[in-house]
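Structure at a glance
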Amino acid sequence: GPMTREAAVRRQVVTYLKSLAPRVAYRSNPASPFATAGDPDLFACVNGRLVCIELKRPGEHPTPVQVRRLATWAAAGAVVVVAYGRADVEGVVEGLLE
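Given the structure is predicted, the values throughout are model-derived calculations rather than measurements. (Residues numbered from 1 in each chain as written. Predicted model: local features only at pLDDT ≥ 70, side-chain atom pairs only at ≥ 80, totals over all residues. Heavy atoms only, no water.)

**Regarding the overall build of the protein chain**
Looking only at helices and strands, the protein chain features 3 helices and 4 strands. Counting from the amino terminus, helix and strand elements in the protein chain follow one another as α-β-β-β-α-β-α. Taking 13 Å as the expected radius of gyration for a compact globule of 98 residues, we find that the protein chain reaches 13 Å, a close match to that expectation. Looking at the protein chain residue by residue over its 98 residues, the buried ones come to 36%. A fraction of 57% describes how many contacts in the protein chain between residues 6 or more apart in sequence connect residues 24 or more apart. Counting only carbon and sulfur atoms, one obtains 59% of the accessible surface of the protein chain, whose full area is about 5,700 Å². Across the protein chain, 12 positive and 9 negative side-chain charges occur, with their mean positions spaced 5 Å apart. (Helix = DSSP H or I, 4+ residues; strand = E, 2+ residues; numbered from the N terminus. Rg over C-alpha atoms; globule rule 2.2 N^0.38 Å. Buried < 20%, exposed > 50% of the residue type's maximum accessible area, 1.4 Å probe, protein only. Contact = heavy atoms within 4.5 Å. Areas by Shrake-Rupley, 256 points an atom, 1.4 Å probe, with all protein chains shown as cover. Lys, Arg positive; Asp, Glu negative; His and termini not counted. Charge placed at Lys NZ, Arg CZ, Asp CG, Glu CD.)

**A few points about the pattern of salt bridges**
Inspection of every chain in the model, using the stated rule, returns 6 salt bridges. Here the salt bridges share partners, and the residues they tie into one network are E54, K56, R57 and E60. (Salt bridge = Lys/Arg side-chain N within 4 Å of Asp/Glu carboxyl O.)

**Here we look at the side chain of D39**
Mapped onto the fold, D39 is located in the loop between β1 (24-28) and β2 (42-46). By relative accessible area, which is 16% here, D39 ends up buried. Once residues within four sequence positions are removed from consideration, D39 is found in contact with N29, E54, R69 and W73.

**Details of the pairing of strand β3 (residues 49-55)**
The buried count for β3 comes to 5 of 7 residues, which makes it a mostly enclosed element. Alignment of β2 against β3, held across 5 bridges, turns out to be antiparallel. Along β3, the bridge assignment pairs A44 with V51. Here β2 folds back onto β3 in antiparallel fashion, the turn holding 2 residues, of which N47 has a positive phi close to 55 degrees. Pairing between β3 and strand β4 (residues 79-83): 5 bridges, direction parallel. Residue pairing for β4: L55 is matched across the bridge by A83. For the handedness criterion, the β-α-β arrangement of β3, helix α2 (residues 64-75) and β4 is classed as right-handed. (Pairing = 2+ DSSP bridges. Right-handed = clockwise from strand over helix to strand, strands pointing away.)

**Examining the nonpolar core**
Counting 21 residues, the largest nonpolar core has L17 and V93 as its most contacted members. Mapped onto this core, the elements with two or more residues apiece are α1 (2-19), β1, β2, β3, β4 and α3 (86-97). When residues in this core are grouped by element, the largest group, 5 residues, is from α1. Apart from the residues within four sequence positions on either side, V93 is in contact with Y16, L17, L20, V24 and V46. (Core = buried A, V, L, I, M, F, W, Y, C linked by side-chain atoms within 4.5 Å.)

Without other data, these values stay purely geometric and don't point to any function.
Next comes the structure, spelled out in structure tokens:
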């Protein structure tokens, strides 16, 4: 089902971020009553930069509230990524680690 594919993307991305410790720290943002609607799925700190990662399965797009929330983070200086797989995150992270 749809959630399975997004979960697979999450696993790929988390495995990649973990492999870069201690240069990269990350936190998963689980849905909870205290979460802000539309906030990104993962937050990472890469070389002092905050990276906000919204995970999507291929063919899916961020919702309007997710787009607005990513824009809010970007306006504050965060690097925002909509990731359909590990490669999307790798491209951004490797650029920041250089």
